[in-house]
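# Inside the fold
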Amino acid sequence: MSESCKSCSQQGGCTSEQQEACGKKPEDIELENRLSRIKHKIVVLSGKGGVGKSTVSANIAVSLANAGKRVGLLDVDVHGPSIPRLLSLKGQQPQVDQDSMEPIQWSKNLWVMSMGFLLPSDSDAVIWRGPVKMGVIRQFIQNVSWGDLDYLIVDCPPGTGDEPLSALQLLGKDSKAVIVTTPQLLAIDDVRRSITFCKQVETPILGLVENMSGFVCPECGAEHKVFNTGAGEKLSLETGINYLGRIPFDPDMARAGDEGFSYVKVYPESETAKFVQKIIEPMLALDA
Ligand code: ADP
């Protein structure tokens, strides 16, 4: 229900015509209708690039789909979309009708949309100002035939720029943020900036993921500590942000990214996949 509907005596349930008569713009009605069919919206953010945010987003989406949930994965990184590469979907072209776009189906219950599907080639650069980006991100939510979803996972570019801001504003106040960082970055200001950003746009933070935390030896499978551990828990205590867990640096996960296969699909029984499983538990609990 929209903010204006909440204060109305009708308390929602109005037809599009009634809402238009109330002064609502048709595009806002369409956006609300689309969002009302998506139960949980999770926006994945990071203070810096290269911390594994897209990798984490893709693995979370596949793990939720493996758990039997209907999942959409939306890549709103208009300048450097990496989801098509991570899931071997490069070159796919969504079917576009007059006013809707079909997301690309990756598995029985996972659908994907990315700017990468709409660029003619990898070397094409997008030069857009903020309002244009906001318009495209709106279309990705409003005009994509997502259908009924349990989860929409939104992979944002790093930082606190136009794309995360647009995504959070469009998804509304019932979306939740997940912040991805690495152990060595935990102590610095980028994570805190992401936390402040979420507070400013009033998006609750589901929690923090510490990626590339520890190293899984490809020879013996044992895990070694490379950087000091515990920074995630410390930051979570200090800021009150939930610590969702960590994912070690795993050479097979790096290879999965390079070769374009889903790590958790190919290695579901691995120690690293168990770490991912632990991270999605609070997300699954949202739908319990
Ligand atoms: P971001 O979206 O933050 O820019 P990516 O998801 O593109 O980062 O990841 C950057 C690189 O790190 C990729 O090559 C990816 O395969 C690799 N990577 C991410 N997480 C892990 C991990 N836990 N173990 C090994 N490699 C990882």
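The paragraphs below set out a description of the structure included in this document.

With that settled, the discussion passes to the overall build of the protein. A count of helices and strands for the protein gives 12 helices and 9 strands. Its C-alpha atoms give the protein a radius of gyration of 19 Å, near enough to 19 Å, the size a compact globule of 288 residues would have. Judged by the C-alpha coordinates and their principal axes, the protein covers about 65 × 45 × 40 Å. Sequence-distant contacts in the protein: of pairs separated by 6 or more residues, those separated by 24 or more amount to 76%. On the protein, roughly 13700 Å² of surface is accessible, and the fraction owed to carbon and sulfur atoms is 50%. Distance from the positive charge centre (29 side chains) to the negative charge centre (36 side chains) of the protein: 3 Å.

We now examine the environment of Ala58. Residue placement: Ala58 occurs in helix H4 (residues 53-66). Along the primary structure Ala58 and Ile83 are separated by 25 residues, whereas in three dimensions their C-alpha atoms are 7.0 Å apart. When sequence neighbours within four positions are dropped, the list of residues in contact with Ala58 reads Leu73, Ile83, Leu86 and Leu87.

To continue, consider the pairing of strand S5 (residues 149-155). Along S5, 7 of the 7 residues are buried, which leaves the element largely enclosed by surrounding structure. Sheet analysis places strand S1 (residues 38-46) next to S5, joined by 6 bridges and oriented parallel. When the bridges of S5 are listed, Val44 appears paired with Asp155. With 5 bridges joining them, strand S2 (residues 71-75) and S5 adopt parallel strand pairing. Across the sheet, residue Gly72 finds its bridge partner in S5, namely Leu152.

A separate point is the nonpolar core. Residues Leu73, Leu74, Trp146, Ile153, Val154 and Met283 are the most contacted members of the largest nonpolar core, which totals 76 residues. By residue number, the principal contributor to this core is H4, which donates 7 residues. In contact with Trp146, other than residues within four places in its own chain, are Arg34, Ile38, Gly72, Leu73, Leu74, Pro103, Trp111, Val112, Met113, Phe140, Ile141 and Leu152.

In this section: the side chain of Ser114. Take Ser114: it is sitting in strand S4 (residues 110-114). For Ser114, the side chain forms a polar contact with the side chain of Asp75, separated by 2.9 Å. A polar atom in the side chain of Ser114 sits 2.9 Å from the backbone nitrogen of Gly116. Excluding its chain neighbours within four sequence positions, the residues that come into contact with Ser114 are Asp75, Pro81, Pro84 and Phe140.

Relative orientation of the contacting elements helix H8 (residues 189-200) and helix H9 (residues 231-239) amounts to 40 degrees, with a least axis distance of 12 Å. Taken together, H8 and H9 sit at an angle that is classed as oblique. Seen from above, H8 lies across H9 with right-handed handedness. Along the contact surface, H8 presents Val191, Arg192 and Ile195, while H9 presents Leu235, Glu238 and Thr239. Residues belonging to the contact of H8 with H9 are distributed by class as follows: 3 nonpolar, 1 polar and 2 charged.

Cut-offs applied
Residues numbered from 1 in each chain as written. Predicted model: local features only at pLDDT ≥ 70, side-chain atom pairs only at ≥ 80, totals over all residues. Heavy atoms only, no water. Helix = DSSP H or I, 4+ residues; strand = E, 2+ residues; numbered from the N terminus. Rg over C-alpha atoms; globule rule 2.2 N^0.38 Å. Contact = heavy atoms within 4.5 Å. Areas by Shrake-Rupley, 256 points an atom, 1.4 Å probe, with all protein chains shown as cover. Lys, Arg positive; Asp, Glu negative; His and termini not counted. Charge placed at Lys NZ, Arg CZ, Asp CG, Glu CD. Buried < 20%, exposed > 50% of the residue type's maximum accessible area, 1.4 Å probe, protein only. Pairing = 2+ DSSP bridges. Core = buried A, V, L, I, M, F, W, Y, C linked by side-chain atoms within 4.5 Å. Polar contact = N/O pair within 3.5 Å; in protein donor to acceptor, adjacent residues only side chain to side chain. Axes fitted to C-alpha atoms, helices over the stretch in contact; angles between N-to-C directions. Parallel < 35°, antiparallel > 145°, perpendicular 65-115°, else oblique. Left-handed = near helix turned anticlockwise from the far one by under 90°. Nonpolar A, V, L, I, M, F, W, Y, C, P; charged D, E, K, R; others polar.

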